[in-house]
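Here are the chains, one letter per residue:
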Amino acid sequence: MDSPEVPAGAPRAGPEPLSPDERELLAKLEEQNRLLEADSKSMRSVNGSRRNSGSSLVSSSSASSNLSHLEEDTWILWGRIVNEWDEWRKKKEKLLKELIRKGIPHHFRAIVWQLLCSAAELPLKAQYSELLRMSSPCERLIRRDIARTYPEHEFFRGQDSLGQEVLFNVMKAYSLVDREVGYCQGSAFIVGLLLMQMPEEEAFSVFVRLMQEYRLRELFKPSMAELGLCIYQFEFLLQEQLPELNVHFRSQSFLTSMYASSWFLTLFLTTFPLPVATRVFDIFMYEGLEIVFRVGMALLQFNQAELVQLDMEGMSQYFQKVIPHQFDSCPDKLILRACQVKYNPRKMKRLEKEYAALKSKEMEEQIEIKRLRSENRLLKQRIETLEKESAALADRLIQGQVTRAQEAEENDVIRRELALVRQRCSSATESLRRAQSTIRELQGNPRLSEEFVAHLETELERSRLRESETLGALKEMQDKVLDMEKRQPLLPDDSSVVRLQEELQELALRDIGDIGDTWQVSLSPQVCGGRWQEPRALHEAVLGVQLRESQAQAELRALRQRVLHLETQGRIQRSVLGRAEQACAGLREQLRAAAAQSQGLQAQLSESHRKHAEAQCKSKEEVMAVRLREADSMAALAEMRQRVAELEIQIRLLRGPLSFGAVALGTPLGDEDSLGSSDEELPPPPFALTPGDIGDTGDTGDSSDSEPEGAPTAP
């Protein structure tokens, strides 16, 4: 097993051989440990059988004497370590690591923690008093959570207790130093443990060092990216070393973050009672987060058989109620198993790179998804705009068609009226011709004068009636023409219309001249003789009617000219409508092109969705292949474990039971030469140097090492 990573400290040289005094001291410690263990065995045998009470009293007194000597030797050893810290840190690294794993004495813990993290060299320590005078935006959050930090501990009990006040000061000062992190739930438990061991200025310095040098700052950042990395690495260890339990967790949807997040955020301070949690924190100060992985795997190894039989709710209750109190009386058993867990820093570095690559890929996929969503939103907006434009064009087209239909209907009405006027004009012309022929007949036959006069009077009345009707129709047509002129004020100046006007004027003048000539002839005495003087007035009236009829015909020709103007205007309107239809057709083509473009964009979007789905399917297939390979490896590993178990049974049958104190104090707990794999049963620790056995002689009732804490679960 590789040497553990040391978060802080100077580079270390190779360990030198121990001096004779040190060897003698270690030998004494080993002897005292054997005596203490033998005495504890004799005490158990005496309490079980209720025999030999005198020897039990002798053993108790012997144990007390041995314990006092052991405490004295431990004090001497750690006093030398503190006084010669630089030498021990550089030249006796392996022995120092072994002693720390066995537990730092309570009275040396504060100074050793400060030495391990080099807190005395922190420049911010001098600014602590200035930071307390400043205000922090996190004060309300800190005040809210302080009451939930070690609520049953005497030092922090009570709203205005000294412990809560100094805890608030330290957390407030750090929130001002590191504004990116500010305050995070869970960090208060670490600061609370530090305040149980040292004053608030030293606790602030140590906490700043822990955040800067022990990866805790990355854990407590708002994104908590380091926590995700730790969970990913822990899942790999679980899959590699406990595949059966990992499969059970997955089958029950029991996520690693549900039970391991508080381990990394509070360093087991909310999981174990304070004596056990403090032992873990001792090793954390020397080895960093590696001990959290080791202790977590050791807990799962101890409880694998029970966990695989529980469902999700049962496992959650088991982690909350059973596991925290399993090692209250024997923390060395947990520490020993944790030191035996396989932990490869190179694999952890590789997993860190893999996790960074996965996160980068997820970030790229999220960016791509956001881009596609943005494009989709823009396409939808474009489609809505095109639909609105299409609706507007359709409305304009319909309106144009309606207007064209109305104009066509008006043109039809005008044509019908024009045909009626032409018919009336032709009938009047025919009547005029008949009247002229009758006049000529009467001039040739004088005997028909009386009948002719009566006929002329009848014709005069009819002509007046027709004249009145013609004048009414003419007035109506003039009104319609004026109305049409008002509606279409701008009429084109056409040469044909001008010619028609000139011809109409010439025809009117010619008709008037012919009527005048006829009038003169009728009045001449050579033609009339003396026979026409009596109905002369009647002839004059008839000629006046004819004159008015010619004038009406002239006006009718003018009206025809107007009608021709209107027909010309109708043709112009039809050409305008034709151009409007062409424009509508062009707009329809643009609409179809926009719809085709929209369909193309939708096809591209569906293609991108299909590619994304294919990529997901490929990734799922790869995951399934990896899981199949994992299942094969699990099966092979199970077979190997079964074989190893059979060999262990055979070895135990050959060797017999091993004694509890078989390992000497000088044997390193974390070395590859002395510790086996995590799948083998290892011998127990050499001696139990718990805080209850070592604690200070003058303050044996210190609540910080003797009272188990039921702290609330970390967030």
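Calculation criteria
- Residues numbered from 1 in each chain as written.
- Predicted model: local features only at pLDDT ≥ 70, side-chain atom pairs only at ≥ 80, totals over all residues.
- Heavy atoms only, no water.
- Salt bridge = Lys/Arg side-chain N within 4 Å of Asp/Glu carboxyl O.
- Helix = DSSP H or I, 4+ residues; strand = E, 2+ residues; numbered from the N terminus.
- Buried < 20%, exposed > 50% of the residue type's maximum accessible area, 1.4 Å probe, protein only.
- Core = buried A, V, L, I, M, F, W, Y, C linked by side-chain atoms within 4.5 Å.
- Contact = heavy atoms within 4.5 Å.
- Axes fitted to C-alpha atoms, helices over the stretch in contact; angles between N-to-C directions.
- Parallel < 35°, antiparallel > 145°, perpendicular 65-115°, else oblique.
- Left-handed = near helix turned anticlockwise from the far one by under 90°.
- Nonpolar A, V, L, I, M, F, W, Y, C, P; charged D, E, K, R; others polar.
- pLDDT = per-residue confidence, 0-100.
- Patch = residues over 30% accessible without salt bridge, like charges linked within 9 Å, V, L, I, M, F, W, Y side chains within 5 Å.
- Areas by Shrake-Rupley, 256 points an atom, 1.4 Å probe, with all protein chains shown as cover.
- Phe/Tyr/Trp six-rings, centres within 6.5 Å; stacked < 30°, edge-to-face > 60°.
- Lys NZ or Arg CZ within 6 Å of the ring centre and 35° of its normal.

**Q** I'd like to hear about the pattern of salt bridges, residue by residue, with values.
**A** Counted by the stated rule, this structure contains 27 salt bridges. For the salt bridge of Arg101 with Glu287, the shortest nitrogen-to-oxygen distance reads 2.8 Å. One end of the pair, Arg101, is in helix 4 (residues 93-102); the other, Glu287, is in helix 15 (residues 274-287), and 186 residues separate them in sequence. Looking at Glu287, the relative accessible area reads 2%, which means it is buried. Three or more residues joined by partner-sharing salt bridges are found here, namely Asp178, Glu180, Arg217, Glu218 and Lys221.

**Q** An account of the nonpolar core is requested, with residue identities and associated values reported.
**A** Counting residues in hydrophobic clusters, the biggest one holds 108 residues, and the most contacted among them are Leu210, Phe249, Tyr259, Phe281, Phe284, Met285 and Leu300. At nine residues, the largest contribution of residues to this core is made by helix 15. Here Phe281 is in contact with Trp113, Ile190, Leu193, Leu194, Leu210 and Leu267, once residues within four sequence places are set aside. Core analysis: the second largest hydrophobic core is formed by six residues, Cys425, Met477, Leu556 and Leu559 among them.

**Q** Now, about the packing of helix 8 (residues 162-177) against helix 10 (residues 200-213): what can you tell me, with residues and values included?
**A** At a minimum axis distance of 10 Å, the contact between helix 8 and helix 10 shows a crossing angle of 40°. Here helix 8 is positioned oblique relative to helix 10, judged by the angle of their axes. For helix 8 against helix 10, the interelement crossing comes out right-handed. Where helix 8 approaches helix 10, its residues Val166, Asn169, Val170, Ala173, Tyr174 and Val177 are matched on the opposing element by Glu200, Phe204, Phe207, Val208 and Met211. In the contact of helix 8 with helix 10, the residues fall into nine nonpolar, one polar and one charged.

**Q** Before we move on, can you summarise unusual backbone geometry with the specific residues and values?
**A** Backbone geometry places Ser118, a non-glycine residue, at a positive phi of 55°. As for its position among the elements, Ser118 is in the loop between helix 5 (106-117) and helix 6 (128-132). A relative accessible area of 21% places Ser118 in the partly exposed class. Here the phi dihedral of Arg215 falls at roughly 70°; this positive angle occurs in a residue that is not glycine. Inspection of the secondary structure puts Arg215 in the loop between helix 10 and helix 11 (216-220).

**Q** Provide a residue-level description of the packing of helix 16 (residues 290-302) against helix 19 (residues 331-340), including the pertinent values.
**A** At their nearest, the axes of helix 16 and helix 19 sit 8 Å apart, and the two run at 110° to each other. With respect to each other, helix 16 and helix 19 are oriented roughly perpendicular. Across the interface between the two elements, Ile291, Arg294, Val295, Ala298, Leu299, Gln301 and Phe302 from helix 16 touch Lys333, Leu334, Arg337, Ala338 and Cys339 from helix 19. Its residues placed into classes, the contact of helix 16 with helix 19 shows eight nonpolar, one polar and three charged.

**Q** Account for the confidence of the model for the chain, naming residues and giving values.
**A** Close reading of the predicted structure is inappropriate where its pLDDT is low. With 72% of its residues at a pLDDT of at least 70, the chain reaches an overall mean of 75. In the model, residues 1-16 has pLDDT below 50 throughout and makes 44 contacts with residues more than four positions away in sequence or in other chains.

**Q** Break down a nonpolar patch on the surface for me, citing the residues and quoting the values.
**A** On the surface, a cluster of nonpolar side chains totalling about 270 Å² of accessible area is made up of Leu255, Met258 and Met312. For Met312, the location among the structural elements is in helix 18 (residues 312-321). For Met312, a relative accessible area of 33% puts it in the partly exposed group.

**Q** Tell me about the packing of aromatic side chains, residues and numbers included.
**A** Each aromatic ring pair is characterised by the separation of its centres together with the angle its planes make. According to the stated counting rule, one finds 25 aromatic pairs in the structure shown. Ring plane angle 40° and centroid distance 5.9 Å describe the contact between Phe293 and Tyr343, whose orientation is recorded as tilted. Placement of the pair is Phe293 in helix 16 and Tyr343 in the loop between helix 19 and helix 20 (345-444), with a sequence separation of 50 residues. According to the relative accessible area criterion, Phe293 is buried, its value standing at 1%. Its relative accessible area of 10% is what places Tyr343 among the buried residues. Three or more aromatic residues joined by ring pairs make a cluster, and in this case those are Phe234, Phe249, Phe254, Tyr259, Trp263, Phe264, Phe268, Phe272, Phe293, Phe319 and Tyr343. Above the face of the Trp88 ring, Lys92 is positioned so that its terminal group lies 4.6 Å from the ring centre.

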